[in-house]
Structures are given as structure tokens and as C-alpha cells.
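Architecture at a glance
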Amino acid sequence: MIVKPKIRGFICTNAHPVGCAASVRQQIEYVKAQGALKNAPKNVLVIGSSTGYGLASRITAAFAGGANTLGVCFEKPPTDRKTGTAGWYNTAGFHTEASAAGLYAKTLNGDAFSKELKQQVIDTLKADMGKVDLVIYSLASPRRTDPETGEVYKSTLKPVGQAYKTKTYDTDKDQVHEIELEPANQDEIQQTIKVMGGEDWELWLDALDEADLLADNCKTTAYTYVGKELTWPIYGQATIGKAKEDLDRAAASIVKTKSDKKVQAYVSSLKALVTQASSAIPVMPLYISLIYKVMKQEGTHQGCIEQIYDLFTDKLTQSKPEVDEMGRLYMNTKETNDATQAKIKQLWDQVTQDNFHDLSDYAGYHHEFLKLFGFDVAGVDYDADVNPLVEW
Ligand code: NAD
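Residues numbered from 1 in each chain as written. Predicted model: local features only at pLDDT ≥ 70, side-chain atom pairs only at ≥ 80, totals over all residues. Heavy atoms only, no water.

1. Description of the overall build of the chain
Broken down by element type, the chain carries 14 helices and 13 strands. The C-alpha atoms of the chain give a radius of gyration of 20 Å, which matches the 21 Å a tight globule of 392 residues would have. Overall, the C-alpha framework of the chain stretches about 60 × 50 × 45 Å when taken along its three principal axes. Here the chain, with 392 residues, has 57% of them falling under the buried criterion. Across the chain, contacts joining residues at least 24 apart in sequence account for 78% of those joining residues at least 6 apart. As displayed, the chain offers around 16800 Å² of accessible surface, 50% of which is attributable to carbon and sulfur atoms. (Helix = DSSP H or I, 4+ residues; strand = E, 2+ residues; numbered from the N terminus. Rg over C-alpha atoms; globule rule 2.2 N^0.38 Å. Buried < 20%, exposed > 50% of the residue type's maximum accessible area, 1.4 Å probe, protein only. Contact = heavy atoms within 4.5 Å. Areas by Shrake-Rupley, 256 points an atom, 1.4 Å probe, with all protein chains shown as cover.)

2. A short note on the pairing of strand E12 (residues 264–269)
Counting buried positions over the six residues of E12 gives six, a clear majority of the element. Because side chains alternate across E12, one face comprises the buried residues Gln-264, Tyr-266 and Ser-268, and the other comprises Ala-265, Val-267 and Ser-269, equally buried. Of the pairings in the sheet, the one linking strand E11 (residues 214–224) to E12 comprises six bridges and is parallel in character. Directly across from Lys-219, in E12, lies its bridge partner Gln-264. Taken together, E11, helix H7 (residues 239–257) and E12 form a β-α-β motif whose crossover is right-handed. (Pairing = 2+ DSSP bridges. Right-handed = clockwise from strand over helix to strand, strands pointing away.)

3. Here's the deal with the side chain of Thr-60
Tracing the backbone shows Thr-60 in helix H2 (residues 52–63). Excluding its chain neighbours within four sequence positions, the residues that come into contact with Thr-60 are Val-31, Leu-37, Gly-65, Ile-305, Ile-308, Tyr-309 and Phe-312.

4. Digging into the site of the ligand
Taken together, 30 residues sit near the ligand, with Ser-50, Glu-75, Ala-112, Lys-244 and Thr-275 positioned nearest. Contact distances for the ligand include 3.3 Å between a nitrogen atom and a backbone N or O atom of Gly-110. Here Leu-273 contributes a backbone N or O atom positioned 2.9 Å from an oxygen atom of the ligand. Here the ligand, which alone exposes 840 Å², has 93% of that area covered by the protein. Those elements that provide at least two residues to the shell around the ligand are H2, E11 and helix H8 (276–279). Looking at the shell around the ligand, its residues break down into 14 nonpolar, twelve polar and four charged. (Near = heavy atom within 4 Å. Polar contact = N/O pair within 3.5 Å; in protein donor to acceptor, adjacent residues only side chain to side chain. Nonpolar A, V, L, I, M, F, W, Y, C, P; charged D, E, K, R; others polar.)

5. Remarks on helix H5 (residues 186–196)
Those residues of H5 that fall on the buried side of the exposure criterion are Glu-188, Ile-189, Gln-191, Thr-192, Ile-193, Val-195 and Met-196. At its buried positions, H5 is contacted by strand E7 (143–145), strand E8 (152–154) and H7. Between a side-chain oxygen at the N-terminus of H5 and the backbone nitrogen of Asp-187 the separation is 3.1 Å; the capping residue is Asn-185.

6. Things to note about the sheet that holds strand E13 (residues 329–330)
Taking strand neighbours across the sheet as the criterion, the seven strands line up as E5-E4-E3-E6-E11-E12-E13 in an open arrangement whose pairing is parallel. Looking at which strands have only one partner, the edges of the open sheet turn out to be strand E5 (105–109) and E13. Here five bridges tie strand E4 (residues 68–73) to E5, and the two strands are oriented parallel to one another. Residue pairing across strands places Val-72 opposite Leu-108, the latter belonging to E5. Across the sheet, helix H4 (residues 115–129) lies against strand E3 (43–47), E4, E5 and strand E6 (132–137), angled at about 165 degrees from E4, the strand it touches most. (Axes fitted to C-alpha atoms, helices over the stretch in contact; angles between N-to-C directions.)

7. Re helix H3 (residues 86–100)
Taking 1.5 Å as the rise per residue, H3 with 15 residues should run 21 Å; its terminal C-alpha atoms sit 21 Å apart, in good agreement. Of all the 15 residues making up H3, eleven are buried; the element is thus mostly covered by neighbouring parts of the structure. Regarding H3, the residues found buried are Ala-86, Gly-87, Trp-88, Tyr-89, Asn-90, Thr-91, Ala-92, Gly-93, Phe-94, His-95 and Ala-98. Contacts from the buried residues of H3 go to helix H1 (17–34), H2, E4, E5, H8 and helix H14 (362–372). Looking one or two residues past H3, Gly-102 carries a phi angle of roughly 75 degrees, positive in sign. (Expected span 1.5 Å × (residues − 1).)

8. Structural notes on the packing of helix H9 (residues 284–298) against helix H12 (residues 338–350)
Contact geometry of H9 with H12 gives a least axis separation of 10 Å together with a crossing angle of 130 degrees. One way to sum up the angle between H9 and H12 is to call them oblique. For the element pair H9 and H12, the recorded crossing hand is right-handed. Contact residues: H9 offers Leu-286, Tyr-287, Leu-290, Ile-291, Val-294, Met-295 and Glu-298, while H12 offers Thr-340, Gln-341, Lys-343, Ile-344, Leu-347 and Trp-348. (Parallel < 35°, antiparallel > 145°, perpendicular 65-115°, else oblique. Left-handed = near helix turned anticlockwise from the far one by under 90°.)

9. Quick notes on the packing of aromatic side chains
Under the definition given, this model contains twelve aromatic pairs. Geometrically, the ring pair formed by Tyr-225 and Tyr-235 is edge-to-face, given 5.1 Å between the ring centres and 85 degrees between the ring planes. With Tyr-225 in the loop between E11 and H7 and Tyr-235 in the loop between E11 and H7, this residue pair connects regions lying ten residues apart in the sequence. Owing to a relative accessible area of 7%, Tyr-225 belongs among the buried residues under this scheme. Judged by relative accessible area, which is 8%, Tyr-235 ranks as buried. The rings of Tyr-169, Phe-356, Tyr-362 and Tyr-365 are connected pair by pair, giving a single aromatic cluster. (Phe/Tyr/Trp six-rings, centres within 6.5 Å; stacked < 30°, edge-to-face > 60°.)

10. Section: unusual backbone geometry
You will see that Asn-217, though not glycine, has its phi angle at about 65 degrees, which is positive. With respect to the helices and strands, the residue Asn-217 is situated in strand E11. Residue class for Asn-217 comes out partly exposed when judged on its relative accessible area of 43%.

This is how it looks when you write it as C-alpha cells:
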């Protein structure tokens, strides 16, 4: 099969097996070139391990720290007529490299919110790895089935309190235009908290604790984005921001309830960048195209792997990492400092349909977007016939 990108709206509906594997290899090469982590965790569980920040976390733990990794993801396998999802091929690529390097790696593909998947993780840990000393929680999902009631909750990306009129960039139509986003109602806010808040993170830690699979001083982190004025109305102070606030509650509750094991639970605040999850958020493609331009000029641009390698070296491998006033591991100062935000705001105010491609780094954004699905990766022959049926 010859695989070319099929883009529909903010998503690409297929993925390139060879390109995804090459992109995983590039990330592995990056962390290996940075050098080995000191005080690295040895047994790492990554929930949401197949793409974006979770994949970068798994690569860093394994290839810079030498860790055994158990990954959890929700990806579609290929058929002989349709490619698998990018996360499927990334995971296959990761397994190939881990096995070549002699690193233990297993991945469970299924619904992380379910009791069944949690039990499978417990069984696998008991059989193969033993207690974990780091649990990364990196899920991004539009829905969650409550494991007790079977009720399905859906997350919404809407402002809270009042409607919000702003600029956005439609990646499908190549158009900068105004949008007005209606505010969420109370039910939509609550449902978003159910999906993207901290409840499931706590359930994971409870399940691991009950099975006696948390090592003493085990660390766990869930990822958030804390932006500034430009993104607050659609992120920080919006439905997703309300869900992310719930992570702070969950972190405190995990520390309290697992104090006998001295578990350290942190919310890590990471920078905004192109992933499958962020492409779906209105306004974010425009904001990210502008920050790419500014941060590349400033020499501070980072992708998932660079940001996560820094999170591990600066924070997660420190016995008492420095936290911000909210108790979070704050990694996006280079994006959210006042001087950088002022430059982005200036571009934001000027940007129109006519000057968008000059003022922004949309070329960089689009390249990164294609790369998420294994396209536009250097060294890959996209005219070659490839077998989509890749397993791990
Ligand atoms: P992503 O879409 O690249 O990754 C999501 C992961 O979750 C994938 O591995 C997917 O398979 C897995 N997943 C989704 N639903 C699942 C389910 N039901 N069961 C098992 N696995 C499931 O997203 P990302 O951008 O890397 O986001 C990860 C976290 O980082 C999110 O909490 C997000 O809010 C946060 N974050 C993202 C950004 C950004 O700019 N992208 C910035 C800061 C924080």
C-alpha cells in the first residue's frame, strides 16, 4: 500500500507505519544524545503512552533512564485495507527499538478508564515488573465511561461564564476568521471534569496501592497546560481548565491517602505544542503557530521530547523537585513569561488572513502535524509500497 496523508478537519485519518517508526527513532536518538538520567526511575507505568507527551515520557524513561516500561493506550490496529492509528505504529516502533536495546517493554491496548484494563496492568506488573516507582498519567480523551455506573461522559471545549469572540485559524480551509464560542452549561463543565479531571488518576493510584504495587517514594504526575491571557478564555478558564484544576485536588488527595508510601504526586505544567489532542482545541492552532515563530526566533522552541527530557532531568529525578506556588512542576516559563507573551500578543493583534503565513510559523506547525501521523519525516520514501500490517 502507498500511504499519503488523508486530512479531515483537525485530524489525519491514516498514518504511515515507516514514518511513525522513524519519528520514534528520532526521539530516541535525541534523548540518547542528551545523556543518561541520574537517579532514574526503574519501573515506569505510562498511561497514555502511544503519542504526544506520554510517548515522549516513555521514550525518556526507557532510553535515557534504562527503565522497564509498561504502556497503556487506546489505538486502532491496521487491517489489510486501512492503516492503524499513529499511536499503534509509534508503539510498534518503540517495541522494536526497546527489544533491540534489551529493554523490557509491554503495552496494553484498551480503555484505561475501565476496571478490566487496570486489572490487566496489575496482573502484568505482578508477573513481570513488580512495584512501580513512576506513574505518568498522560491521557487525552473526548469521553469516559464511568467504571461503576457505565454512564458515558463527554468532554467539551467551551468557555465558562460568557461567550468568547476571538480569532482562529481553520487548518482545513487555510482561513483566519472570527469565531464566537458559546459558554458551557453546568452539565458540560461537570462532564468535562469527569473525563479530563483527576478522578481516574486517583483510581489508578488506588488500584496500584491495593495491589501493593507502589514502591516507597513512588512519584506520579499528570500533565496540564497553564497558559496566559491569550488562551485563558478557551483553556485555563474554560471547561478544560476546570477539569485541569481538578488534577490539583487529585494530586493533594493522592499524597494524603498514600502517605504511608510517601508517594509524591505532581501536576506538571507543560508547554503548548502540536499533538492530536491540541489540534482539536479551537484557537490553539493559531496560538501555537504564533508561539512557534516567536520561540524559534528566541531559540527556546521545544517539541514533546525536548520538554519531557527537561521535565525528567530538572524535576522528576530530583528527590524534592522545585514546585511553583500551586505545587506544580512548572515547565513552560519559556512560553508564558511576560516578554514572550507580549511578542505573541503583538502578532495576535496584527494577524489577518493576508499576513498569516508571514507572521506565523504555520509551515512549522503543519510539518509537526504531519509528523504526528508519520508523514513529512526526513529520510522516509513516501512513494514506496509499505505493509500496513505491523504488530508489536
Ligand atoms: P495525545 O492525544 O497525543 O495522547 C493521548 C494519549 O492518551 C494516547 O496515547 C492515547 O492512546 C491515550 N488514550 C486516550 N484515550 C484513552 C483511553 N480511553 N484509554 C487508554 N488510552 C487512551 O495527547 P497529548 O497532547 O500528549 O496530551 C497528553 C496530556 O498532556 C493531556 O492531559 C493534555 O491535556 C496534556 N498537555 C498537552 C499539551 C499540548 O499542547 N499538547 C500541553 C500541556 C499539557
